[in-house]
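A structural walkthrough
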Amino acid sequence: EDKVVQSPLSLVVHEGDTVTLNCSYEVTNFRSLLWYKQEKKAPTFLFMLTSSGIEKKSGRLSSILDKKELFSILNITATQTGDSAIYLCAVPPGGTSYGKLTFGQGTILTVHP
Amino acid sequence: DTAVSQTPKYLVTQMGNDKSIKCEQNLGHDTMYWYKQDSKKFLKIMFSYNNKELIINETVPNRFSPKSPDKAHLNLHINSLELGDSAVYFCASSQGFQGGGNTIYFGEGSWLTVV
């Protein structure tokens, strides 16, 4: 069974801090790893990573994948209160299974002013 | 226009009742899902339909029955509601299966509270 573990489970920082969120995975026939941000409503897509060592970047957020060590990190620099959310990591199955994303338990990030 | 819309957004009901949550997507996707997020924030898939055909049916009590009248709709009916059914239920859709470079789009969730 596919498995995704995120750490830390929660994180409290002040504005301007840099945070690193971790996601480790075990999946048969790895295809990709996805990061989502969930505020009060729907999870919103951040990144999809398929190749090791290639950093994906969007503003202050960046993410990288290590397929050898089976983990990914999500970095947020110069955090703002609007970054407060649950950050979810997920892996889709290998093969042709439809949409059975396996999610980690999420990291709850709280950014104080 | 909301891409994936669910109704109702909030639902409070008594144990033993039967309730339905409706979901519609206007993205033209062929695959729809129901996910459950429990109090610990764990998102777990419940069902997946592709072109109205049930593809994934996880270990979910028989009291939960999805229905897909067409590709754009996937409704969730829950019989004999129990306290443990309290959760946020997310509908989602995608074009094709995940992992092929496609993005899954989530609805805003339906907050179900069973009292």
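Up top is the structure these notes are about.
Residues numbered from 1 in each chain as written. Chains lettered and ligands numbered in written order. Predicted model: local features only at pLDDT ≥ 70, side-chain atom pairs only at ≥ 80, totals over all residues. Heavy atoms only, no water.

What about the overall build of chain A?
- Along chain A, the regular secondary structure elements total 0 helices and 11 strands.
- Secondary structure elements of chain A occur, N-terminal to C-terminal, as β-β-β-β-β-β-β-β-β-β-β.
- Relative to the globule expectation of 13 Å for 113 residues, the C-alpha radius of gyration of chain A, 14 Å, shows essentially globular dimensions.
- Relative to all contacts within chain A whose residues are 6 or more apart in sequence, the contacts with residues 24 or more apart total 54%.
- When the accessible surface of chain A is summed, it comes to about 5300 Å², and 51% of that surface belongs to carbon and sulfur atoms.
- The distance from the centre of the 11 positive side-chain charges to the centre of the 10 negative ones in chain A is 6 Å. (Helix = DSSP H or I, 4+ residues; strand = E, 2+ residues; numbered from the N terminus. Rg over C-alpha atoms; globule rule 2.2 N^0.38 Å. Contact = heavy atoms within 4.5 Å. Areas by Shrake-Rupley, 256 points an atom, 1.4 Å probe, with all protein chains shown as cover. Lys, Arg positive; Asp, Glu negative; His and termini not counted. Charge placed at Lys NZ, Arg CZ, Asp CG, Glu CD.)

Examining the sheet that holds strand S6 (residues 56-58) of chain A
Residues and elements named next belong to chain A.
- Spatially, S1-S3-S8-S7-S6 is the arrangement adopted by the 5 strands of the open sheet, whose pairing is antiparallel. What marks the edges here is a single partner per strand, and that holds for strand S1 (3-7) and S6. The average angle at which neighbouring strand axes cross in this sheet is 15°, direction not considered.
- Taken together, the 3 bridges between S6 and strand S7 (residues 61-66) define a ladder with antiparallel strand orientation. Pairing of Lys57 across the sheet is with Ser62, part of S7. (Pairing = 2+ DSSP bridges. Axes fitted to C-alpha atoms, helices over the stretch in contact; angles between N-to-C directions.)

So, the packing of aromatic side chains
- Counted under the stated rule, the structure contains 11 aromatic pairs over all chains.
- Measuring from centroid to centroid gives 5.9 Å for A:Tyr36 and A:Phe103, while their planes differ by 50°, and the two rings are tilted. Residue A:Tyr36 is found in strand S4 (residues 33-38), and its partner A:Phe103 is found in strand S10 (residues 102-103); the two are separated by 67 residues along the sequence.
- For A:Tyr36, a relative accessible area of 0% puts it in the buried group.
- Of the residues examined, A:Phe103 reaches a relative accessible area of 3% and is grouped as buried.
- Their ring planes at 90° and their centres at 5.6 Å tell us that A:Tyr36 and B:Phe106 sit as a pair that is edge-to-face. Taken together, the positions of A:Tyr36 in strand S4 and B:Phe106 in strand S10 (residues 105-106) put the pair across two chains. Judged on exposure class, the residue A:Tyr36 and its partner B:Phe106 are both buried.
- Members of the aromatic cluster, connected to one another through ring pairs, are A:Tyr36, A:Phe45, A:Phe103, B:Tyr33, B:Tyr35, B:Phe90 and B:Phe106.
- The aromatic ring of B:Phe42 is capped on one face by B:Lys44, whose charged end is 5.7 Å from the ring centroid. (Phe/Tyr/Trp six-rings, centres within 6.5 Å; stacked < 30°, edge-to-face > 60°. Buried < 20%, exposed > 50% of the residue type's maximum accessible area, 1.4 Å probe, protein only. Lys NZ or Arg CZ within 6 Å of the ring centre and 35° of its normal.)

Regarding the interface of chain B and chain A
- Taken together, the 26 residues of chain B in the interface contact 24 residues of chain A.
- Together chain B and chain A conceal approximately 2100 Å² of surface at their shared face, both sides included; 67% is due to carbon and sulfur atoms.
- The interface formed by chain B and chain A holds 0 salt bridges in total.
- Only strand S4 (31-37), strand S5 (43-50) and strand S6 (53-57) of chain B provide two or more residues apiece to the side of chain B that touches chain A.
- Here the side of chain B that touches chain A is composed, by residue class, of 12 nonpolar, 10 polar and 4 charged. (Buried area = accessible area lost by both parts, 1.4 Å probe. Salt bridge = Lys/Arg side-chain N within 4 Å of Asp/Glu carboxyl O. Nonpolar A, V, L, I, M, F, W, Y, C, P; charged D, E, K, R; others polar.)

Comments concerning the environment of A:Glu55
All names here are of chain A.
- Mapped onto the fold, Glu55 is located in the loop between strand S5 (43-49) and S6.
- When the C-alpha positions of Glu55 and Leu74 are compared, they lie 9.9 Å apart, and in sequence the two are 19 residues distant.
- Look past the residues within four positions of Glu55 in its chain and what remains in contact with it is Ser62, Ser63 and Ile64.
- At a separation of 3.4 Å, a polar atom in the side chain of Glu55 contacts the side chain of Ser62. (Polar contact = N/O pair within 3.5 Å; in protein donor to acceptor, adjacent residues only side chain to side chain.)

Description of unusual backbone geometry
- Following A:Ser7, the chain continues into A:Pro8 via a peptide bond in cis, with omega recorded as -10°.
- When you line up the elements, A:Pro8 lands in the loop between S1 and strand S2 (10-14).
- A cis amide bond links B:Thr7 to the next residue, B:Pro8, at an omega of 0°.
- Relative to the assigned elements, B:Pro8 resides in the loop between strand S1 (4-7) and strand S2 (10-13).
- At B:Ser80, a position not held by glycine, the phi torsion is positive, near 45°.
- If you trace the backbone, B:Ser80 turns up in the loop between strand S8 (73-78) and strand S9 (87-94).

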